[in-house]
Amino acid sequence: MSHIPTKLEVAAGLPLPAAQTLAGRFLVQPHSTLASDQEYARVMQDLHFGVDFSDYMASSVWTSDRGWADKELVPFGPLTLSPAASVLHYGQEVFEGLKAYRREDGSIWTFRPRFNAERFNHSARRLALPELPVEDFIASIVDLVAADGRWVPKQEGASLYLRPFMFASEPFLGVKPAHEITYLLIASPVGPYFAKGFGPVSIYVTREYHRAGLGGTGDAKTSGNYAASLLPQQIAYDQGYEQVCFLDSATSTNVDELGGMNVFVVYRDGVVRTPKLTGAILEGGTRSAIIQICEDKGIVVEESSINFDQLLEDIRAGVVTEVFACGTAAVITPVGKLGGDFGEVTLELGQVTRDLYDTLTGIQWGTVEDTHNWCYRIA
Ligand SMILES: *Cc1c(COP(=O)(O)O)cnc(C)c1O
């Protein structure tokens, strides 16, 4: 059975106006302290994930009276925020993550930005936040990259990580949706997400903690889900693992996802499985692209429940040959080890994982044909 497109995938497939026609919505404000050539060179020679930031940020403020207003590009820097700002108390916030890639010819592209724009609004609805028009979301990226172009790295595998987010900036301690919301887009030049690059990651499977439950906010990209994942992530780390994998909160038997990445399992007979979207799982754009690429390659993808004990048995019996995690930041990361109360199992980096990685990154970098029109030129 082939994959039935989700609401997000359908919305993400609608055409976008060209970048030039969106440019200029965010007005560039004077910047007196651009990073010096020296500082710029220091940052770009040694890229880390989310440590250094570009010169500007895009911003807009929504109020219930005016809607989205004051669209500007302002110097990246500290915010002025009331200590009573609602987000600091009740966590009314959503975010996105995508990348700008510089190709050989100097042009700059993003990957399925409309998926992120639509998901941003999906998340916003769940958090009782106002939706940001898709074209404003894209325009903020176009304008920021126009002003901050030098921060899109030239090195292979490096990119400018874009982090759009909005939060309740209204100073008010009452528990209700805020009447003042701030949207910001910040950007960070990044190397590969995992310091070791495309190497296997080790994962601790927790039965004790969950990141999200049914009817909760698991399918929204919101800070609280991450807050809930930090203690189990710390426990995983203390046990010598790099990442934590969560099981479903209702039964603690089925694989949900990692703290910030979706999971795929490759079977010996060539079938690929990924947990079906239950409402507690975040629908990844990388997950969506991988499902499509598998279909293009004639690989059968099943979206179903993946019982964790069965998975363990299948790994031990050699029925499952590869497991990988995926998300924008790390793209595709092979899982080399799974540990937990059951002991430990190990896996090899396999050919299916490698092929999917090569195809997906090839499309993103413009070296593999983009048959689904996923790439969007921003400069
Ligand atoms: C962002 C995120 C993902 C991956 O989504 P992509 O669109 O592929 O980057 C997966 N799980 C969670 C919890 C996330 O927040």
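Along every chain, residues carry numbers that run from 1 in the direction the sequence is written. Only residues with pLDDT of at least 70 are given local features in this predicted model, and only at 80 or more are side-chain atom pairs given and counted; all residues enter the totals for whole chains, interfaces and linings. Excluding hydrogens and water, the side-chain values take into account all heavy atoms of the structure.

Draft legend 1. Fine view of the site of the ligand. If you check the shell around the ligand, you find 15 residues, and the closest are Lys221, Tyr226, Glu257, Thr286 and Thr328. Definition of a polar contact: a pair of N or O atoms within 3.5 Å, with one able to donate and the other able to accept a hydrogen when the atoms are protein atoms, and with sequence-neighbouring residues admitted only if both atoms are side-chain atoms. Between an oxygen atom of the ligand and a side-chain N or O atom of Thr286, the distance comes to 2.6 Å. Here, Shrake-Rupley sampling with a 1.4 Å probe gives the accessible areas, and only protein chains in the shown set may cover a residue. Burial of the ligand by the protein chains amounts to 97% of its free accessible area of 380 Å². Gly falls in the polar group here, along with every residue not listed as nonpolar (Ala, Val, Leu, Ile, Met, Phe, Trp, Tyr, Cys, Pro) or charged (Asp, Glu, Lys, Arg). In the shell around the ligand, the residues fall into three nonpolar, eight polar and four charged. Nearness of a residue to a molecule or strand requires only that one of the residue's heavy atoms be within 4 Å of it.

Draft legend 2. Expanded view of the packing of aromatic side chains. Only the six-membered ring of Trp is used, alongside the rings of Phe and Tyr, when aromatic pairs are assigned; centres must lie within 6.5 Å, and planes under 30 degrees apart are stacked while those over 60 apart are edge-to-face, with the rest tilted. In the structure shown here, the tally under the stated rule is 13 aromatic pairs. An aromatic cluster is defined as three or more aromatic residues linked by ring pairs; in this entry it consists of Trp68, Phe120, Phe137 and Tyr183. The rule for a charge over a ring is simple: NZ of Lys or CZ of Arg within 6 Å of the ring centre, and within 35 degrees of the ring normal. The aromatic ring of Trp109 is capped on one face by Arg103, whose charged end is 3.8 Å from the ring centroid. Lying over the aromatic face of Tyr267, Arg273 brings its terminal NZ or CZ to 4.4 Å of the ring centre.

Draft legend 3. Seen up close, the packing of helix H8 (residues 285-297) against helix H10 (residues 351-365). Two elements in contact, H8 and H10, have axes whose closest approach is 10 Å; the angle formed by their N-to-C orientations is 110 degrees. The orientation of H8 relative to H10 falls into the category roughly perpendicular. Here H8 contributes Thr286, Ala289, Ile290, Ile293, Cys294 and Lys297 to the contact with H10, which in turn contributes Asp355, Leu356, Thr359, Leu360 and Ile363. Looking at the contact of H8 with H10, its residues break down into seven nonpolar, two polar and two charged. Structural elements are reduced to axes, namely lines fitted to C-alpha atoms, with helices fitted over the stretch in contact, and the angle between N-to-C directions of any two is expressed from 0 to 180 degrees. We count a stretch as a helix when DSSP gives it H or I for four or more residues in a row; a strand needs E for two or more, and each element gets its number in order from the N terminus. Reported orientations rely on four angle classes, namely roughly parallel under 35 degrees, roughly antiparallel over 145, roughly perpendicular from 65 to 115, and oblique for the rest. In this analysis, two residues are considered to be in contact whenever any of their non-hydrogen atoms come within 4.5 Å of each other.

Draft legend 4. Summary view of the pattern of salt bridges. In the sections that follow, a salt bridge refers to a side-chain nitrogen of Lys or Arg positioned within 4 Å of a carboxyl oxygen of Asp or Glu. Per the counting criterion, the structure on display carries 16 salt bridges. The salt bridge partner of Asp52 is Arg42, with a shortest N-O separation of 3.5 Å. Note that Asp52 is positioned in the loop between helix H3 (37-45) and strand E2 (56-63) and Arg42 in helix H3, a separation of 10 residues in sequence. Burial classes follow relative accessibility: with a 1.4 Å probe on protein chains only, a residue under 20% of its type's maximum area counts as buried, one over 50% as exposed, and anything between as partly exposed. Asp52 gets classed as buried once you look at its relative accessible area, which sits at 17%. Across the pair Glu131 and Arg125 runs a salt bridge whose closest N-O atoms are separated by 2.9 Å. When its relative accessible area of 49% is taken as the criterion, Arg125 is described as partly exposed. By sharing partners, the salt bridges in this structure join Arg25, Lys71, Glu135 and Asp136 into a single network.

Draft legend 5. A look at the pairing of strand E9 (residues 201-206). Burial within E9 is extensive, with six of its six residues counted as buried. Judged by which residues are buried, E9 turns out to be covered on both faces: Val201, Ile203 and Val205 on one side and Ser202, Tyr204 and Thr206 on the other are all buried. Any two strands with at least two DSSP bridges between them are considered paired. Bridge analysis of E9 against strand E16 (residues 331-340) gives four bridges, and the strand direction is parallel. The residue of E16 that forms the bridge with Tyr204 is Gly339. In this sheet, strand E10 (residues 243-247) lies alongside E9 in parallel orientation, the contact comprising four bridges. Of the residues in E10, the one forming a bridge with Ile203 is Gln243. Once the chain exits E9 it traverses helix H7 (residues 223-238) before rejoining the sheet at E10, and the crossover so formed is right-handed. Handedness of a crossover: with both strands directed away from the viewer, a clockwise path from the first strand across the helix to the second marks it as right-handed.

Draft legend 6. Expanded view of the nonpolar core. Within the largest apolar cluster, 55 residues are counted, with the highest numbers of intra-cluster contacts made by Phe137, Val145, Leu162 and Met166. Per-element tally for this core: the top contributor is helix H6 (residues 134-147), with eight residues. The contact partners of Val145, leaving out residues within four places of it in the chain, are Ala100, Ile108, Val152, Leu160, Leu162 and Ile378. Only buried residues count toward a nonpolar core. Its members are Ala, Val, Leu, Ile, Met, Phe, Trp, Tyr and Cys residues joined through side-chain atoms within 4.5 Å.

Draft legend 7. Broad picture of H10. A rise of 1.5 Å per residue sets the reference length of H10, with its 15 residues, at 21 Å; its end C-alpha atoms lie 21 Å apart and thus fit the reference within 8%. Among all positions in H10, only Thr353, Leu356, Thr359, Leu360, Thr361, Gly362, Ile363 and Gln364 are buried. For H10, the secondary structure elements touched by its buried residues are strand E5 (98-102), strand E6 (108-111), H8, strand E15 (320-327), E16 and strand E18 (375-377). Residue count minus one, scaled by 1.5 Å, sets the expected span of a helix.

Draft legend 8. Representation of a nonpolar patch on the surface in the model. A grouping of Leu79, Leu81 and Leu88 is seen on the molecular surface, where their side chains present a nonpolar patch of about 260 Å² in accessible area. Tracing the sequence through the fold places Leu79 in the loop between strand E3 (67-75) and helix H4 (86-90). Here Leu79 falls in the partly exposed class, since its relative accessible area comes to 44%. Residues form patches when they are more than 30% accessible in relative terms and have no salt bridge. Like charges link within 9 Å. Nonpolar side chains (Val, Leu, Ile, Met, Phe, Trp, Tyr) link within 5 Å.

From the geometry alone we can't say anything about function, so treat these as descriptive.
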